[in-house]
Amino acid sequence: WSPQQAGLQEILQTIHDSTDSHNTEVQRNITLVSTFACYMLDNNLIILQKLNNFTRVPDYIAYLSYILAHMPQEEDRIRTIAGYLLKNNARLILRSPTEVSTYVKASVLQAFNETSVMVRNTAGQDIVAFLGILEPKNWPECLQHLFNALDAPDVDQQEVSGTCFFASGRAR
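Just so we're clear, the structure is a prediction, and the values are computed from it rather than from any experiment. (Residues numbered from 1 in each chain as written. Predicted model: local features only at pLDDT ≥ 70, side-chain atom pairs only at ≥ 80, totals over all residues. Heavy atoms only, no water.)

Considering the nonpolar core
Core analysis: the largest hydrophobic core is formed by 45 residues, its most contacted members being Ile-15, Ile-67, Val-104, Ile-127, Phe-130 and Trp-139. Of all the elements in the fold, those that place two or more residues in this core are helix H1 (5-18), helix H3 (42-54), helix H4 (60-70), helix H5 (76-88), helix H6 (98-112), helix H7 (117-134), helix H8 (140-149) and helix H9 (155-171). Tallying contributions element by element places H4 first for this core, with 9 residues. Contact partners of Val-104, with chain neighbours within four places excluded, come to Ile-61, Ala-62, Ser-65, Leu-86, Ile-93 and Phe-130. (Core = buried A, V, L, I, M, F, W, Y, C linked by side-chain atoms within 4.5 Å. Buried < 20%, exposed > 50% of the residue type's maximum accessible area, 1.4 Å probe, protein only. Helix = DSSP H or I, 4+ residues; strand = E, 2+ residues; numbered from the N terminus. Contact = heavy atoms within 4.5 Å.)

This is how it looks when you write it as structure tokens:
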């Protein structure tokens, strides 16, 4: 899987619009969106509707995982928002084409190795969400990755890995 530039730019622009410092209402609500809320103000409603419409795109979660894992040129907050949107839409992996599912899982594991603590922690939350949906038996490479991270020289990565193990056990 590889992103189409037009689709990638549209999703990125929507995420950037959601972080507009003059639009604090959207900032508070953007990472909680799984369906759009009609009570929002007009500008907020447009952004939330766009995010809701993106969920109809079969490879939407692949775009989010691409932004999270493969766009270091973007600010960490943008990548983190993409990761939160990915977590909130994790259920879409069940109806995604195989190449999308494979790409998303690999990208999330790659983001888990990120040096940015924000991005790595967000990838950890994505892992927990996907393990809760897919079940560990359907993503054994993730368990191996988490297990290996317990011995990583980076204490933060060890901690996030342990948290993922704990949280994924509780999510089931």
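That covers the picture; the talk isn't over yet.
So, the packing of H6 against H7
For any two helices packed against each other, one specifies the crossing angle of their axes together with the interaxial distance. In contact at an axis separation of 8 Å, H6 and H7 are set at 145 degrees when each is read in the N-to-C sense. Between H6 and H7 lies a crossing of left-handed hand. Contacts from Val-104, Lys-105, Val-108, Leu-109, Ala-111 and Phe-112 in H6 reach Val-119, Arg-120, Ala-123, Gly-124, Asp-126, Ile-127, Phe-130 and Leu-134 in H7. Looking at side-chain class alone, the contact of H6 with H7 contains 10 nonpolar, 1 polar and 3 charged residues. (Axes fitted to C-alpha atoms, helices over the stretch in contact; angles between N-to-C directions. Left-handed = near helix turned anticlockwise from the far one by under 90°. Nonpolar A, V, L, I, M, F, W, Y, C, P; charged D, E, K, R; others polar.)

Quick look at H7
In this model H7 runs 25 Å from its N-terminal to its C-terminal C-alpha over 18 residues, within 8% of the 26 Å that 1.5 Å per residue would give. Regarding H7, the residues found buried are Val-119, Arg-120, Thr-122, Ala-123, Gly-124, Asp-126, Ile-127, Val-128, Ala-129, Phe-130, Leu-131 and Leu-134. Just downstream of H7, Glu-135 is the residue with a positive phi angle, here 75 degrees. (Expected span 1.5 Å × (residues − 1).)

Some remarks on unusual backbone geometry
In terms of backbone geometry, most residues other than glycine have negative phi values and most peptide bonds are trans. Its identity as a non-glycine residue notwithstanding, Glu-135 has a phi of 75 degrees, on the positive side. Judged by its relative accessible area of 32%, Glu-135 falls in the partly exposed class.

Details of the side chain of Ser-116
Residue position: Ser-116 is located in the loop between H6 and H7. Within the local environment of Ser-116, its side chain forms a polar contact with the backbone nitrogen of Val-119, the two atoms lying 3.3 Å apart. (Polar contact = N/O pair within 3.5 Å; in protein donor to acceptor, adjacent residues only side chain to side chain.)

A look at the pattern of salt bridges
Side chains that carry opposite charge are capable of pairing whenever their charged atoms lie near each other. Under the criterion given, the structure shown has 6 salt bridges. Here Asp-154 and Arg-120 are joined by a salt bridge, their closest N and O atoms 3.2 Å apart. Residue Asp-154 is located in the loop between H8 and H9, and its partner Arg-120 is located in helix H7; the two are separated by 34 residues in the primary sequence. Residue classification places Asp-154 among the partly exposed residues on the basis of a relative accessible area of 29%. Members of the salt-bridge network, linked through shared partners, are Asp-76, Arg-79 and Glu-114. (Salt bridge = Lys/Arg side-chain N within 4 Å of Asp/Glu carboxyl O.)

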